[in-house]
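Overview (structure and organization)
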Amino acid sequence: MLDSATEKWSRDGPRADIRVAAAAVVGCQVVAVTAGDQSGAIANACLVVVLAAAASSERSGESSRTAYLVLAFLPLLALARVAMPQNSIPNDLWELVVAAPLVAGSVVLVAIVDPGVVRDARTRLPLRRQLAVASVGVPAGLLAFGVAHGVGEGADGSGFAAATIVVLFMAGVFDELLFRGLLQLSLARIYGQGAFIVAALLYTAMLLGNSATTVVLGGLLGLGFGFLVARSSALLAVAVAHGTANVVWLVLARDLF
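A brief report on the enclosed structure follows.

Parameters and conventions
- Residue numbers here run from 1 along each chain, matching the order of that chain's written sequence.
- In keeping with the predicted nature of the model, local features appear solely for residues at pLDDT of at least 70, side-chain atom pairs appear and are counted solely at 80 or more, and the whole-chain, interface and lining totals rest on all residues.
- Water and hydrogen atoms play no part in the side-chain values, which are based on all heavy atoms of the structure.
- Helix numbers and strand numbers start at the N terminus; a helix is a DSSP run of H or I with at least 4 residues, a strand a run of E with at least 2.
- Here the term buried applies to any residue with accessible area under 20% of the maximum for its type, exposed to any over 50%, and partly exposed to those in between, with areas from a 1.4 Å probe on protein chains only.
- Note on definitions: a residue-residue contact is assigned when non-hydrogen atoms from the two residues lie within 4.5 Å.
- Fitted lines through C-alpha atoms give the axes, limited to the stretch in contact for helices. The angle between two N-to-C directions lies from 0 to 180 degrees.
- When describing relative orientation, an angle under 35 degrees is termed roughly parallel and one over 145 degrees roughly antiparallel, while 65 to 115 degrees is termed roughly perpendicular and anything else oblique.
- Each crossing gets its handedness from the near helix: less than a right angle anticlockwise from the far helix is left-handed, clockwise is right-handed.
- Expected helix span is computed as 1.5 Å times (number of residues minus one).
- By arc we mean the arc of the directions from the helix axis to the C-beta atoms, nothing more.

The next thing to look at is unusual backbone geometry. When glycine is set aside, most residues are seen to have a negative phi, and most peptide bonds are trans. In this model, Ser233 sits at a positive phi of 60°, which is unusual for a non-glycine residue. Position of Ser233 among the secondary structure elements: in the loop between helix 10 (212-232) and helix 11 (235-256). Judged by relative accessible area, Ser233 falls into the partly exposed class, the value being 34%.

Structural data, given as structure tokens:
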């Protein structure tokens, strides 16, 4: 009977546990937005500790351990925003100063714990098809700009800022490496092709605190990019598409129209 229970957990346990962990990440982001920075910081700090402990558990399989580690980085990003508010450094540098090191660290850590995730991120898709996937960022950015403009929400600032373009592009690339790369690929071993929906939900949760338009449009773009990664495995091409969409949506389309 014990063997039967152990076999059942090995089959169903990781899926159920990670479902709870993903729901906890979403819940903590809702708390952070509705209850304020202090309560949200406490909730996220506790969640990081719990997920890190789960990743070190002996009963965690390789894919589960990877998922726990990546999930822990999501509330860690929120904690970083509380510890170093955006207005303490130039906005253009925020993603490079805070998000980039965290994502780079997560890539290195996951590569050590589970090299298979990095291996799964590689694609043999022909270059022509990768370029076609990357080009999706232009219409996606134009569509997002059109919707945002239609509801009366425009980007702050004016003019063609090279530094802003670089940062927005890299922010899109970092988002893909973390959410559609490490997170989605690790969850795919547990949830299969439907993992992109879970990753998109978590990505949308991390956008909470921005305007409703940004949350909705960002969530829909994340869902679309996740679908592209699931179908094509062209992670780097999709990362370029996301960065391009950011630039078109928030800078180029504003200056052109």
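Moving on from the model shown.
Along the chain, Ala45 falls in helix 2 (residues 37-56). A relative accessible area of 31% means that Ala45 is categorised as partly exposed. Taking C-alpha positions, Ala45 is 9.4 Å from Ala78, a pair spaced 33 residues apart along the chain.

Turning our attention to the environment of Val133. By the secondary structure assignment, Val133 is in helix 6 (residues 127-134). Classification of Val133 as buried rests on a relative accessible area of 11%. A C-alpha to C-alpha distance of 5.9 Å links Val133 and Ala237, two positions 104 residues apart in sequence. Setting aside residues up to four positions removed in sequence, Val133 forms contacts with Leu228, Ala237, Val238 and Ala241.

Turning next to the packing of helix 7 (residues 137-150) against helix 10. Interaxial distance between helix 7 and helix 10 falls to 11 Å at its minimum, and their mutual angle equals 155°. Considering their axes alone, helix 7 and helix 10 lie roughly antiparallel with respect to each other. Handedness of the crossing formed by helix 7 with helix 10: right-handed. Packed against helix 7, whose contacting residues are Ala140, Ala144, Val147 and Ala148, the element helix 10 presents Thr213, Leu217 and Leu221 at the interface.

A few words on helix 7. Since one α-helical turn is 3.6 residues long, residues separated by three or four positions face the same way. In this model, helix 7 (14 residues) spans 20 Å end to end at C-alpha, consistent with the 20 Å of a helix rising 1.5 Å per residue. Every buried residue of helix 7 is accounted for by Gly137, Ala140, Gly141, Ala144, Phe145 and Ala148. All buried residues of helix 7 fall inside an arc of 135° around its axis, so they share one side. Of the residues in helix 7, the exposed ones pointing more than 90 degrees away from the buried face are Leu143, His149 and Gly150. One or two steps after helix 7, the chain reaches Gly152, where phi turns positive at roughly 80°.

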